[in-house]
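Structural characterization, general
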Amino acid sequence: MEKTIIIEPSEVVGLYGSQNTNIDLLTHLFPKLKIVARGNEVKVAGEDSEVEVFEERLRLLSAHLEQYGKLTETDILNITAMEDDSFYRLDDNGGNVIVHGREGKIIRAITPNQKRLVESASKNDMVFVIGPAGTGKTYTAVALAVKALKNKQIRRIILTRPAVEAGENLGFLPGDLRDKLDPYLQPLYDALWDMIPMQKLMSYMEDKVIEIAPLAFMRGRTLDNAYVILDEAQNATSAQLKMFLTRMGKNAKFFITGDITQIDLPKNQQSGLIQADRILSKIQGIDFIYMDTKDVVRHHLVTKIIKSYEDYEAKQAAFDQKRKEELLAQKSESEPVHE
């Protein structure tokens, strides 16, 4: 029997290994087979039963690479030595693990509210996550989306955020439209690069399996079979957020993340995120997760910085209120008494 097995181009490097070391190991482990790997094709010849076992093990190796982002010699030895593949489990939810990122990096829910977010996502199709910087709002949402894509629960991931400077200021930046908008979308690229091998990520983006676009580009679309994440939602106006939320199609999950203490909209425009918190919180199927300084997973100084700003703003608000009351009292005393 002779068979040609097609490998996804994005998996060739990881599956074959540096200088085809993984293929050489497989050739050693299957001495009765003739194995030739060229481009994205693996040609194998030998007894029918041996070829079938090899094809199944190669499928498991490919699935392992997809799930964990790497394939070591130990992985190959363990997977090819299995007598019953039912013992092989790709989906490891133990210890709050969400997904395995690049080079086997384990991405898990760490804080109580991150764990709440993971649990909420399994029960609700739309989740708002509100909290300060560094609490893993977007990162956790992206990890959930990548997991769903790897498990083939969805067909695509769409990441978006408002380009607050999308007026004339943006026009003064050099380059084409993508060059102008990329700086606003960079945090989303950073999260994806942590979770998906570079070559595979580029392939996903070329094929529109993963799409990153400014919020304005969502208008008029219906988003089916997708995980859709709106980041920096505090900078979306009420009209923009309503437009985005109504893009939801079949088999879709929407995550809306934002920090209501960092609104960059003009003072005469209300944040759509604040309004949505008041309007949508009682709808079944929509959940709101509120994170705080206890959920900060960046450098320990970030927690202290956020807390210091919160204390300062509280004191300033109290001072402003006291000053306002004093001015009103002075005005009342200075007004003439009419008999």
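Further up the page is the structure itself.
Summary of the structure given here. Everything numeric in this text was worked out from a predicted model, so none of it was measured. (Residues numbered from 1 in each chain as written. Predicted model: local features only at pLDDT ≥ 70, side-chain atom pairs only at ≥ 80, totals over all residues. Heavy atoms only, no water.)

On to the pattern of salt bridges, then. Under the definition given, this model contains eight salt bridges. The residue Arg 59 makes a salt bridge to Glu 56 at a minimum N-O spacing of 2.7 Å. With Arg 59 and Glu 56 both in helix α3 (residues 48-68) and three residues apart, this pair spans about one turn of that helix. The closest approach of N and O atoms between Glu 211 and Arg 221, which form a salt bridge, is 2.8 Å. Here Arg 221 lies in the loop between β8 (210-214) and β9 (226-230) and Glu 211 lies in strand β8, a separation of ten residues in the sequence. (Salt bridge = Lys/Arg side-chain N within 4 Å of Asp/Glu carboxyl O. Helix = DSSP H or I, 4+ residues; strand = E, 2+ residues; numbered from the N terminus.)

To continue, consider unusual backbone geometry. In this structure, Asn 225 is a non-glycine residue whose phi angle is positive, near 45 degrees. With respect to the helices, strands and loops of the structure, Asn 225 is situated in the loop between β8 and β9. Non-glycine residue Asn 251 carries a positive phi angle of around 50 degrees. Inspection of the secondary structure assignment puts Asn 251 in the loop between α10 (238-245) and β10 (252-258). Take Asn 251: its relative accessible area is 46%, and that puts it in the partly exposed class. (Buried < 20%, exposed > 50% of the residue type's maximum accessible area, 1.4 Å probe, protein only.)

We now examine the packing of helix α5 (residues 112-123) against helix α6 (residues 137-150). It is the contact of α5 with α6, at a shortest axis distance of 10 Å, that shows an interaxial angle of 35 degrees. The handedness of the crossing between α5 and α6 comes out as right-handed. Together, Gln 114, Leu 117, Val 118 and Ala 121 of α5 and Lys 137, Thr 140, Ala 141 and Leu 144 of α6 make up the contact between the two elements. (Axes fitted to C-alpha atoms, helices over the stretch in contact; angles between N-to-C directions. Left-handed = near helix turned anticlockwise from the far one by under 90°. Contact = heavy atoms within 4.5 Å.)

Ordered in space as β8-β7-β9-β10-β6-β11, the six strands form an open sheet in which the pairing is parallel. Both outer strands of the open sheet, β8 and β11 (286-290), are each paired with one neighbouring strand and no more. Direction aside, neighbouring strands of the sheet carry axes that sit 15 degrees apart on average. The pairing of strand β7 (residues 156-161) with β8 spans five bridges and is classified as parallel. Within β8, the position partnered with Leu 159 by the bridge is Ile 212. Together, β6 (126-130), β7, β8, β9 and β10 form the strand contacts of α6, whose direction differs from that of β9 by roughly 170 degrees. (Pairing = 2+ DSSP bridges.)

The tally for this structure, following the rule as stated, stands at six aromatic pairs. Taken together, a centroid distance of 5.2 Å and an interplanar angle of 90 degrees make the contact between Phe 30 and Phe 54 edge-to-face. On the criterion of sequence distance, the pair formed by Phe 30 in the loop between α2 (21-29) and β2 (34-38) and Phe 54 in helix α3 is long-range, its members being 24 residues apart. Ring geometry for Tyr 227 versus Phe 255: centroids 5.6 Å apart, planes at 40 degrees, classification tilted. Of this pair, Tyr 227 sits in strand β9 while Phe 255 sits in strand β10, and the two are 28 residues apart along the sequence. Residue classification places Tyr 227 among the buried positions, given a relative accessible area of 9%. These aromatic residues form a ring-pair network of at least three members: Phe 128, Phe 288 and Tyr 290. (Phe/Tyr/Trp six-rings, centres within 6.5 Å; stacked < 30°, edge-to-face > 60°.)

Here β9 lies mainly inside the structure; five of its five residues are buried. Because side chains alternate across β9, one face comprises the buried residues Ala 226, Val 228 and Leu 230, and the other comprises Tyr 227 and Ile 229, equally buried. Here β7 pairs with β9 via five bridges, running parallel. Bridge pairing in β9 links Ile 158 to Val 228. One crossover worth recording links β9 to the parallel β10 by way of α10, and it is right-handed. (Right-handed = clockwise from strand over helix to strand, strands pointing away.)

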